[in-house]
Amino acid sequence: MAADSQDALRRAGDASVLILTSLADGPKHGYALIQDIKGFAGLQLGPGTLYGALDRLERLGLVEALPTDERRHPYQITVAGAAALRAHLDSLERVSAVGRLRLRLGGI
Amino acid sequence: MPGPGLPPARVVGLALRCYPRRWRRRHGTEAAELAALLIADGVPARSVACSYLCAAAREWLTPQPGHRLAAAAAALLIVAGSLGVPLGLLSASAPASAASAARGHTASASAQPACTPHQHPHSHLRPHSHARPHARDAHGQHC
């Protein structure tokens, strides 16, 4: 289950990881997502990229749209989405640890 | 791409009109509002419009889950057309004409293709008359 959803997340792309990370602490709508991602990743996500990634994540069952709030759709991460994000971050941590170790061993 | 003289809302509005209707029904209002907020924050309208335009192109090119069968059928028709396969071969009459050709002279009138009523009464004496569907019969009519 975790491996499948992690694979789905990898296919969904980098924007999807940023969106799931942003939604990990609670539901947000489009503008709040862009502002939050800009704050923690230093990336200005384009609005077209944002909606494309949200649609993909929703089709994969990793996020869900909440009832409309003043014409805006807040999105929240699902249980499957949280599992996929956790598995993806674990994988990144392993890669990061190996990379740092090899850089140290290589004396670079 | 719209010119620089157009107001930002119009530029973004034109880009949003490039999306499929179902996308606009779902996200259209919110996307326009988000664009206005981003432009007010200092993001260039042209950049917002470009982002929407690229995403609209992806939206059109990405097959939707419910439309995969239709997309596959369309792709099959395009491939068949590009290979020069006559559409008649894909129609329901193709098996009937194949069966008629296999049975040769003993075939009954009811099993013949739709064009056979225009044939000359003695045309069955000519060999391969079913194998050449575009040949003219004794009266010079197209079959």
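Computed from a predicted structure; not experimentally measured.

### A word on the overall build of chain B
Tallying secondary structure elements over chain B gives 6 helices and 0 strands in all. Reading the secondary structure of chain B in the N-to-C direction produces α-α-α-α-α-α. Counting only residues that meet the buried cut, chain B has 26% of its 143 residues in that class. The contacts of chain B with a sequence gap of at least 6 include a subset with a gap of at least 24, amounting to 41%. Carbon and sulfur atoms make up 65% of the accessible area of chain B, which totals about 9500 Å².

### Focus on the pattern of salt bridges
Scanning the model with the defined rule gives 5 salt bridges over all chains in all. Among the ionic pairs, A:Asp25 bridges to A:Lys28, the shortest N-O distance being 2.5 Å. You can call A:Asp25 exposed: its relative accessible area is 65%. With its nearest N and O atoms 3.1 Å apart, the salt bridge here joins B:Arg26 to A:Glu58. Here B:Arg26 is found in helix 2 (residues 21–40), whereas its partner A:Glu58 is found in helix 4 (residues 47–59) on a different chain. A residue is classified by how much of its surface remains accessible, and B:Arg26, at 31% relative accessible area, is partly exposed. Taking relative accessible area as the criterion, A:Glu58 reaches 25% and is therefore assigned partly exposed.

### What about the interface of chain A and chain B?
In this assembly, 21 residues from chain A lie in contact with 21 residues from chain B. Summing both partners gives a buried area of about 1700 Å² for chain A against chain B, and 52% of it is carried by carbon and sulfur. Looking only at chain A, the three residues that lose the most surface to chain B are A:Tyr31, A:Pro47 and A:Tyr51, adding up to 35% of its buried area. Linking chain A with chain B are 3 salt bridges. A:Asp55 serves as the salt-bridge partner of B:Arg26, at 4.0 Å between the closest nitrogen and oxygen. Scanning the region where chain A abuts chain B turns up 7 residue pairs in polar contact (both at pLDDT 80 or more). For the side of chain A that touches chain B, the elements supplying multiple residues, two or more each, are helix 3 (30–41) and helix 4 of chain A. Ranked by the residues each element gives to the side of chain A that touches chain B, the list is headed by helix 4 of chain A, at 8 residues.

### Brief notes about helix 3 (residues 45–61) of chain B
With 17 residues, helix 3 of chain B extends 24 Å between its outermost C-alpha atoms, agreeing within 8% with the 24 Å of an ideal straight helix rising 1.5 Å per residue. Those residues of helix 3 of chain B lying buried are B:Ala45, B:Val48, B:Ala49, B:Ser51, B:Tyr52, B:Ala55, B:Ala56 and B:Glu59. An end-on view of helix 3 of chain B places all buried positions within 155 degrees of arc, on one side of the element. Those residues of helix 3 of chain B hidden inside the fold are in contact with helix 4 of chain A together with helix 1 (8–16) and helix 2 of chain B.

What counts, and where the lines are drawn
- Residues numbered from 1 in each chain as written.
- Chains lettered and ligands numbered in written order.
- Predicted model: local features only at pLDDT ≥ 70, side-chain atom pairs only at ≥ 80, totals over all residues.
- Heavy atoms only, no water.
- Helix = DSSP H or I, 4+ residues; strand = E, 2+ residues; numbered from the N terminus.
- Buried < 20%, exposed > 50% of the residue type's maximum accessible area, 1.4 Å probe, protein only.
- Contact = heavy atoms within 4.5 Å.
- Areas by Shrake-Rupley, 256 points an atom, 1.4 Å probe, with all protein chains shown as cover.
- Salt bridge = Lys/Arg side-chain N within 4 Å of Asp/Glu carboxyl O.
- Buried area = accessible area lost by both parts, 1.4 Å probe.
- Polar contact = N/O pair within 3.5 Å; in protein donor to acceptor, adjacent residues only side chain to side chain.
- Expected span 1.5 Å × (residues − 1).
- Arc of directions from axis to C-beta.

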